[in-house]
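# Structure at a glance
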Amino acid sequence: MSDLLNRLKKLAKQANIELTDIQAEKLTGYVAMLDKWNKAYNLTSVRDPQQMLIRHILDSIVVSQYLEGEKFIDVGTGPGLPGIPLAIMRPDHHFVLLDSLGKRVRFMKQVQHELGLNNIEPVQYRVEEYQTEQPFDGVISRAFASMKDMLSWCSHLVTEKHGRFYALKGQIHQEELDELVDNGLKMPEKVISLSIPELNEQRHLVII
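Residues numbered from 1 in each chain as written. Predicted model: local features only at pLDDT ≥ 70, side-chain atom pairs only at ≥ 80, totals over all residues. Heavy atoms only, no water.

Where we set the bar: UniProt positions are given in the numbering used here, feature names are shortened, and annotations may be inferred rather than shown by experiment.
Under an unreviewed UniProt entry, the name given to the chain is Ribosomal RNA small subunit methyltransferase G, and the source organism is Proteus faecis. Comment text from UniProt for the chain, heading Catalytic activity (unreviewed entry), reads "guanosine(527) in 16S rRNA + S-adenosyl-L-methionine = N(7)-methylguanosine(527) in 16S rRNA + S-adenosyl-L-homocysteine".

## Points about the nonpolar core
In plain terms, the rule: As used here, the term nonpolar core means buried Ala, Val, Leu, Ile, Met, Phe, Trp, Tyr and Cys residues forming a set that is joined through side-chain atoms within 4.5 Å. Summary of the burial criterion: residues with accessible area below 20% of their type's maximum are buried, those above 50% are exposed, and those between are partly exposed, where the area comes from a 1.4 Å probe applied to protein chains only. For this analysis, residues touch if any pair of their heavy atoms sits within 4.5 Å.
Membership of the largest hydrophobic core comes to 50 residues, with the highest contact counts inside it found for Y30, I84, F95 and F107. Residues within four places of F95 in sequence aside, it is in contact with L67, F72, G83, L86, A87, R90, N119, I120, E121 and I140. Counting residues in each nonpolar core, the second largest holds 22 residues, with Y130, F136, F165 and A167 among its members.

## Considerations on the pairing of strand β2 (residues 94–99)
Convention followed: Numbered from the N terminus, helices here are DSSP runs of H or I no shorter than four residues, and strands are runs of E no shorter than two. Here the rule is simple: two strands pair whenever DSSP picks up at least two bridges between them.
Counted residue by residue, β2 has five buried out of six residues, so it is predominantly covered. Taken together, the five bridges between strand β1 (residues 71–75) and β2 define a ladder with parallel strand orientation. Of the residues in β2, the one forming a bridge with F72 is F95. The pairing of β2 with strand β3 (residues 120–124) spans five bridges and is classified as parallel. Bridge pairing links L98 to V123 in β3.

## Some details on the sheet that holds strand β4 (residues 138–142)
Note the following rule: Where helices are involved, their axes are fitted lines through C-alpha atoms of the stretch in contact, as for all axes, and angles between N-to-C directions lie from 0 to 180°.
The strand order β3-β2-β1-β4-β5-β7-β6 describes an open sheet built from seven strands, whose pairing is mixed. The open sheet terminates on both sides in strands that have one partner only, identified here as β3 and β6 (190–194). With direction set aside, neighbouring strand axes in the sheet form an average angle of 20 degrees. Inspection of the sheet shows strand β5 (residues 164–169) paired to strand β7 (residues 203–207) by four bridges, in the antiparallel sense. Following the sheet pairing, L168 is matched in β7 by L205.

## Regarding the packing of aromatic side chains
Which entries qualify depends on this criterion: Here the aromatic set is Phe, Tyr and Trp, taking the six-membered ring for Trp, and pairing holds for ring centres within 6.5 Å; pairs whose planes are under 30 degrees apart are stacked, those over 60 apart are edge-to-face, and all others are tilted. Note on criteria: charge over ring means Lys NZ or Arg CZ within 6 Å of the ring centre, with the direction from the centre no more than 35 degrees off the ring normal.
Per the stated rule, a full pass over the model turns up six aromatic pairs. Pairing F72 with F95 gives two aromatic rings, centres 5.4 Å apart and planes at 25 degrees, and the pair type is stacked. Of this pair, F72 sits in strand β1 while F95 sits in strand β2, and the two are 23 residues apart along the sequence. Look at F72 and you get buried, because its relative accessible area is 0%. Seen from their ring centres, Y125 and Y130 are 5.5 Å apart, and the 65 degrees between their planes marks the pair as edge-to-face. The exposure class of Y125 is partly exposed, given its relative accessible area of 40%. An aromatic cluster is present here, built from Y30, W37, Y41 and F107 joined pairwise through their rings. Between the NZ or CZ atom of K71 and the centre of the ring of F136, over which it lies, the distance is 4.8 Å.

## Comments concerning the pattern of salt bridges
The condition is simple: Here, a salt bridge means any side-chain nitrogen of Lys or Arg that lies within 4 Å of a carboxyl oxygen of Asp or Glu.
For the structure shown, the criterion picks out 13 salt bridges. Between K9 and D21 there is a salt bridge whose closest N-O contact spans 3.5 Å. With a gap of twelve residues between them, K9 in helix α1 (residues 2–14) and D21 in helix α2 (residues 21–41) connect regions that are remote in the sequence. Its relative accessible area of 36% is what places K9 among the partly exposed residues.

See the structure below:
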């Protein structure tokens, strides 16, 4: 565990991200739980905890600084990505973690219990069927089908005036942006190129 902790602190420093000791411990605790449960429940294709630090933790927390608001929903969160790392980074903000598979929701509830995360709410639902009384400040998604589908299926979840969509993407293809215009949807407010230490792949955050 100390190896993971030291490595996470090194990676965070390279990414210019400040971590408290508590945040670092909870993030590595989450990786340890993900590694343990993954053997039985196949929660992620990433098998090596050291790679989880790069591909799951850093890949998630680099977008923390760009979130505006206090209440967010992570749609299609899987085992809690990027929602759980973001919730650890922002303990004063609330994150609903939405996934349709029971085993993933059970895992997230166990993480919530073991790591004492009072600001997450794991929920089992299909995104198009999930309703909320209080709209969210932001909808977050990582590896969602397409930005068009994200906007179409999740438009009922955000506040009309100030709500934003945060899409974590790999490469950005012009056809996907054109598809938004063709369907009468909003164009991105920002497309931010993200730098992940030791990851030689493109990463972008699209804010709509």
